[in-house]
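Spelled out from the first residue to the last, the chains are:
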Amino acid sequence: SASSIAENAGSSLTLTATISQVADEDVTVNLGLAGTSTNGTDYSSLSSITVTAGQLTGTASFTPTDDSTYEGNETAIISIDSVSGADATESGTQSVTITITEDDAKPNISFSSSTYSVDEGESTTITFNMSGYVAEDVYVGLGIITGSSTAVRDVDYTLSTGSVTIPEGQLSGTRTFVSIEDNIYEGDETSVVVITGIGGGSASPAVENGEQQATVTITEDESVPSITLSASASSIAEEIVAKNYSA
């Protein structure tokens, strides 16, 4: 039958084994299963096809499993591993490839919040949320827009950029933002973080939800400076200059 089927088709493809001559006993065709899909997980378990004695064909159903995990299109390469009964043999090298077409959209990735706040000397967690499951680890690039930030990395805070991992089977990944305590009044400061890219084992297993940007505010813990004015003394004598008069 057809060489492709949608994951959510709700139906099956038929695999047919045909022998060239009617036999007086059952012939069992043991199947070899390969490809990017997994037998018993991405489709119902397959192992063999039996051609009943007196018949020329035997069939098995290929039924894809509908799930909510994005995997992209997957293939099932079905071959003949061995044949038993009636001295039957494989005709050359037999193989069929079936493509299971993905019905789920790629999940999107967002910051858990567009704003984070942390007291000076404390830490906070920046979280990436993914809208659906993916059958592999997803790597989210984290960057800083320095031109839009008033805080300076490694002076006012520490933050590892580069990839944040959302493990397979998980819906989030995190990175720790640690502010640095000092005794200098600077007022509240900000760092603007962005997603710089998304990758994984396949080309792009997930996508950024629009253009993601989050602002981390470091709340100043020093008191606002106050200014006092003083003099070295509270009074001073007026200087008298003597003048010499002559006739």
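Located above this text is the structure these notes cover.
Residues numbered from 1 in each chain as written. Predicted model: local features only at pLDDT ≥ 70, side-chain atom pairs only at ≥ 80, totals over all residues. Heavy atoms only, no water.

**Thoughts on the overall build of the chain**
At step 1: Check the secondary structure of the chain and you find zero helices and 19 strands.
At step 2: For the chain, the C-alpha radius of gyration of 36 Å lies well beyond 18 Å, the compact-globule estimate for 247 residues.
At step 3: In terms of overall dimensions, the chain has a C-alpha envelope of 160 × 30 × 25 Å along the principal axes.
At step 4: Buried positions account for 31% of the 247 residues belonging to the chain.
At step 5: Excluding contacts between residues fewer than 6 apart, the proportion of contacts in the chain whose partners are at least 24 apart in sequence is 71%.
At step 6: Carbon and sulfur atoms provide 45% of the accessible area of the chain, an area that totals close to 14200 Å².
At step 7: Separation between the mean location of the 4 positive side-chain charges and that of the 35 negative ones in the chain comes to 25 Å. (Helix = DSSP H or I, 4+ residues; strand = E, 2+ residues; numbered from the N terminus. Rg over C-alpha atoms; globule rule 2.2 N^0.38 Å. Buried < 20%, exposed > 50% of the residue type's maximum accessible area, 1.4 Å probe, protein only. Contact = heavy atoms within 4.5 Å. Areas by Shrake-Rupley, 256 points an atom, 1.4 Å probe, with all protein chains shown as cover. Lys, Arg positive; Asp, Glu negative; His and termini not counted. Charge placed at Lys NZ, Arg CZ, Asp CG, Glu CD.)

**Side note on the side chain of E74**
At step 1: Counting through the fold element by element, E74 comes out in strand 7 (residues 74-84).
At step 2: Buried charged residue E74 carries no salt bridge. Nearest counter-charge: K106, at 14 Å.
At step 3: With residues up to four places along the chain from it excluded, the contact list for E74 reads T36, S37, D42, I98, T99 and I100. (Salt bridge = Lys/Arg side-chain N within 4 Å of Asp/Glu carboxyl O.)

**Observations concerning unusual backbone geometry**
Trans peptide bonds make up the majority, and among non-glycine residues the majority have a negative phi.
At step 1: Residues other than glycine seldom take positive phi values, yet A86 does so here, at roughly 60°.
At step 2: The topology assignment puts A86 in the loop between strand 7 and strand 8 (95-101).
At step 3: For A86, a relative accessible area of 29% corresponds to the partly exposed category.

**Some remarks on the environment of T50**
At step 1: Within the fold, T50 resides in strand 4 (residues 48-51).
At step 2: In this structure the C-alpha to C-alpha distance between T50 and G147, which are 97 residues apart in sequence, comes to 69 Å.

**Things to note about the sheet that holds strand 8**
Backbone-to-backbone hydrogen bonds pair the strands of a sheet. The strands run either parallel or antiparallel.
At step 1: Ordered in space as 1-8-7-3-4, the five strands form an open sheet in which the pairing is mixed. Two strands lie at the open edges of the sheet, namely strand 1 (4-6) and strand 4, each paired on one side alone. Each neighbouring strand pair of the sheet contributes to a mean axis angle of 25°, computed without reference to strand direction.
At step 2: Pairing of strand 3 (residues 27-34) with strand 7, which is carried by seven bridges, proceeds in the antiparallel orientation. Note on strand 7: the bridge partner recorded for V29 is V83. (Pairing = 2+ DSSP bridges. Axes fitted to C-alpha atoms, helices over the stretch in contact; angles between N-to-C directions.)

**Digging into the nonpolar core**
At step 1: Core analysis: the largest hydrophobic core is formed by 24 residues, its most contacted members being I109, F111, I126, F128, V138 and F177.
At step 2: Counting residues per element, the ones that place at least two in this core are strand 9 (108-111), strand 10 (115-119), strand 11 (123-130), strand 13 (138-144), strand 15 (162-166), strand 17 (189-200) and strand 19 (213-219).
At step 3: Ranked by size, the runner-up nonpolar core spans 19 residues in total, among them I5, I19, Y43 and L46. (Core = buried A, V, L, I, M, F, W, Y, C linked by side-chain atoms within 4.5 Å.)

**Quick notes on the sheet that holds strand 18 (residues 207-208)**
At step 1: Strand order in the open sheet made by the five strands is 14-16-11-9-18, with mixed pairing throughout. Strands with a single pairing partner mark the edges of an open sheet, and in this sheet they are strand 14 (157-158) and strand 18.
At step 2: Two strands pair when backbone bridges link them, and strand 9 and strand 18 are joined in this way by two bridges, in the parallel orientation. Each bridged residue has a counterpart across the sheet, and for I109 the counterpart in strand 18 is E208.

**Description of the pairing of strand 2 (residues 13-18)**
At step 1: Burial of strand 2 is one-sided: the residues L13, L15 and A17 facing one way are buried, the residues T14, T16 and T18 facing the other way are not.
At step 2: Of the pairings in the sheet, the one linking strand 2 to strand 5 (residues 57-62) comprises six bridges and is antiparallel in character. Looking at the pairing, L15 lines up with A60 of strand 5.

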